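Structural overview
Below, each chain spelled out in residue letters.
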Amino acid sequence: MNVVNQIHELETSFDVASIQVKRGSKSFQIYPWIKAKLFYKQVVGKESLAQKNNKMLLKQLVSFFYGFSNLFKKYDAWAFSNADERISIEGKYYDKIYDGFNELKNFKCLLIELQLFKKYKRKDIHSKYIASKAFFMIQEEIYSRVFLGRVHIENKELINQISTQMNVDINAEKLVRKVLSQYRVMKFWLKMLPNPKVVFLTVGYANYGYILAFKERNIPVIEMQHGVVSEGHQGYNYQTKLDACNFPDALAVWGENEKDFITNKSLIPIDHVFILGRSVIDYYLKTAVQNNSINKICVSLQDGEISDRLIKLLLESNDLTGAKNQFYLQTRRTTELAYRSKFLFPENFIFFKGNIYENIAQSDVHITVYSTSGLESLSLGKPAIFVDFDGKAKEVFSNQLGDNPYCMYISKKEELVNLLDNYSVPRLEEVRKESAKICAINYKEKLESLVNSYR
């Protein structure tokens, strides 16, 4: 059963709204807190790519004072992001979601950055005002271990029933403790720090505690799209009505497709959906190279077993084609060294050293399993090939992309070989026009309009 059908069955068969936890006089519906982890573990096999241990906590402790003094200044907005969102442009590392805010006049924004897998020196980044999210996370860990005490989940048996039906087991109490700790720590600091007029964040389903605290303080919360927003993504597809306190007030998306889904197909309680486009797409549209045949292929890897399967298919296909194409591999968190320890790569497999957008812009076609870079490729005028292992790519993208002629699904090496041998590369303008609903243009103008509505 695919994700869309699973969500519909779970949320119409079980009274998920009744799964709650009480703290003092307040009750919180916790189904959203555990939902993302249930589906993530079902696909990946574990609850999170980053396992909490002493080494990870030490890394956060080292980052505690990164931009510390910036926390105590007055800002128009706070923005919560991740160091993984940074890409190198002209010698500086840009946050591809929020550094476009720097171009706005009379708008001061503090970037609060999670530096779990990457950390950049302040002299090397483009962001004007930045602090580490470790400032809050260390306190959350202390609060959870020392002050939170026991938590009682009402109707916990429903979690067990859902877990059994999905054949996935998660530590629900651990997840609840994380959110409650986020909530209490942020609630405290909102009493101590100058409050922003508005808060922006990515990955709303990883920051429920913060959302609760901000909305309790009547601070509007806007989630900025960072990846796939579709029926196939459990973080946004809701088929039952839940309390709005867990969710952002608004969602800023890349294009019409996402707005149509949130507005018409999901019951997620978000009041407004804004179409923004993306600053990074506007920038790299100007650098995209036009060729007439396939030579350079951008390969967007993900992490875990799915990327190993993709590499294996590409290597087998390469043997069949006589190594006539150049494959430019784009890693995510797994290192080049880790991949080279598993596979013997021929000379035409190159680990690309620039960012994913440079890779796409310089290539003729893009290959991935279900990375968001497939959408970004189409937005940059490059055809996208999705390797549909176990139907996952179609599950994530088919409703969103429809019958886009520049989006192709394959699942076997022979299909890929046939495609690479016979495909005629279309004009960039044709792909971009056909894919216009994926990503709007004129990002800066749209961002100014959005920000002005919250000044």
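The structure presented is a predicted model; accordingly, all values stated were derived computationally and were not measured. (Residues numbered from 1 in each chain as written. Predicted model: local features only at pLDDT ≥ 70, side-chain atom pairs only at ≥ 80, totals over all residues. Heavy atoms only, no water.)

**Some words on the packing of aromatic side chains**
As enumerated under the stated definition, the model contains 37 aromatic pairs in all. Grouping aromatic residues by their ring pairs yields a cluster made of Phe64, Phe65, Phe68, Phe72, Trp78, Phe80, Phe135, Phe136, Phe188, Trp189, Tyr210 and Phe214. Above the plane of the ring of tyrosine 129 lies lysine 108, whose end atom (NZ or CZ) is 5.0 Å from the centre. Residue placement shows lysine 392 over the ring face of tyrosine 370; its charged tip is 5.7 Å from the ring centre. (Phe/Tyr/Trp six-rings, centres within 6.5 Å; stacked < 30°, edge-to-face > 60°. Lys NZ or Arg CZ within 6 Å of the ring centre and 35° of its normal.)

**With respect to helix H14 (residues 392–401)**
Residues that lie three or four places apart on an α-helix share one face, since the helix turns once every 3.6 residues. For H14, a buried count of seven out of 10 residues is recorded, marking the element as mostly surrounded by other parts of the structure. For H14, every residue scored as buried is listed here: Lys392, Ala393, Glu395, Val396, Phe397, Gln400 and Leu401. Just downstream of H14 lies glycine 402, where phi reads positive at about 55 degrees. (Buried < 20%, exposed > 50% of the residue type's maximum accessible area, 1.4 Å probe, protein only. Helix = DSSP H or I, 4+ residues; strand = E, 2+ residues; numbered from the N terminus.)

**Here we look at the layout of surface pockets**
Of the volumes computed, that of the second largest pocket is approximately 380 Å³. Surrounding the second largest pocket, 18 residues form its lining, Gly100, Glu103, Ser279, Val280 and Tyr283 being those nearest its centre. Taken together, the elements giving at least two residues each to the lining of the second largest pocket come down to strand S4 (86–89), strand S5 (92–95), helix H9 (279–285) and helix H17 (443–452). Residue contributions to the lining of the second largest pocket peak at four residues, all from H9. Residue composition of the lining of the second largest pocket, grouped by class: eight nonpolar, three polar and seven charged. (1 Å grid on protein atoms, 1.4 Å probe; cavity = no way out; pocket = protein on both sides within 12 Å on 5 of 7 lines; lining within 4 Å. Points joined across faces, edges and corners; volume = space filled by probe spheres on them. Nonpolar A, V, L, I, M, F, W, Y, C, P; charged D, E, K, R; others polar.)

**A closer look at the environment of lysine 191**
Relative to the helices and strands, lysine 191 is located in helix H6 (residues 172–192). Classification of lysine 191 as exposed rests on a relative accessible area of 58%. Sequence separation between lysine 191 and arginine 217 is 26 residues; the distance between their C-alpha atoms is 9.4 Å.

**Comments concerning the packing of H6 against helix H7 (residues 208–216)**
For the pair H6 and H7, the least separation of the axes is 7 Å and the interaxial angle reads 35 degrees. Here H6 and H7 pass one another in a crossing that is right-handed. For the pair formed by H6 and H7, the contact residues are Val179, Gln182, Tyr183, Met186, Lys187 and Leu190 on the first element and Tyr208, Gly209, Tyr210, Leu212, Ala213, Phe214 and Glu216 on the second. Among the residues making up the contact of H6 with H7, the classes are represented as nine nonpolar, two polar and two charged. (Axes fitted to C-alpha atoms, helices over the stretch in contact; angles between N-to-C directions. Left-handed = near helix turned anticlockwise from the far one by under 90°. Contact = heavy atoms within 4.5 Å.)

**Section: the pattern of salt bridges**
Charged atoms that come close allow side chains of opposite charge to pair. Counted according to the given criterion, the structure contains 23 salt bridges. We note a salt bridge from lysine 215 to aspartate 249, for which the minimum N-O separation is 3.6 Å. Of this pair, lysine 215 sits in helix H7 while aspartate 249 sits in the loop between strand S10 (221–224) and strand S11 (250–253), and the two are 34 residues apart along the sequence. (Salt bridge = Lys/Arg side-chain N within 4 Å of Asp/Glu carboxyl O.)

**Some details on the sheet that holds strand S16 (residues 365–368)**
The strands making up a sheet associate through hydrogen bonds between their backbones, and the pairing can be parallel or antiparallel. Pairing in this open sheet of six strands is parallel, and the strands run S15-S14-S13-S16-S17-S18 from one edge to the other. A single partner strand is all that each edge strand has here, and the edge strands are strand S15 (349–351) and strand S18 (407–410). The average angle at which neighbouring strand axes cross in this sheet is 25 degrees, direction not considered. The strands touched by H14 within the sheet are strand S17 (384–387) and S18, with S18 carrying the most contacts at an inclination of about 155 degrees. Contacts from helix H15 (residues 413–422) reach strand S13 (296–300), strand S14 (326–330), S16, S17 and S18 within the one sheet, and its direction differs from that of S18 by about 145 degrees. (Pairing = 2+ DSSP bridges.)

**Overview of the sheet that holds S11**
The sheet built from seven strands is open, its strands ordered S7-S6-S3-S9-S10-S11-S12 with parallel pairing. Every interior strand has two partners, whereas the edge strands, strand S7 (130–132) and strand S12 (272–275), have only one. Taking the axes of each pair of neighbouring strands and ignoring which way they run, one obtains an average angle of 20 degrees across the sheet. Where strand S9 (residues 198–201) meets S10, three bridges bridge the pair, whose relative direction is parallel. Bridge pairing in S10 places phenylalanine 200 opposite isoleucine 222.

**Some points on empty space enclosed by the protein**
If you roll a probe as big as a water molecule over the atoms, it shows you where there is empty space left. Considering all chains together, one arrives at four cavities of 30 Å³ or more under this definition. Surrounding the largest cavity, Lys96, Ile97, Met224, Gln225, Ala252, Val253, Trp254, Leu276, Gly277, Arg278, Ser279 and Tyr443 form its lining. A class-by-class count of the residues in the lining of the largest cavity yields seven nonpolar, three polar and two charged. Of the voids in this model, the second largest cavity is the one considered here, and its volume is about 60 Å³. The wall of the second largest cavity is formed by Tyr98, Asp99, Phe101, Asn102, Cys109, Leu111, Ser127, Lys128 and Tyr129.

**Examining helix H4 (residues 134–147)**
Counted at 1.5 Å a residue, the expected span for H4 with its 14 residues is 20 Å, and the 19 Å between its end C-alpha atoms agrees. The set of residues buried in H4 consists of Ala134, Phe135, Phe136, Ile138, Gln139, Glu140, Glu141, Tyr143 and Ser144. (Expected span 1.5 Å × (residues − 1).)

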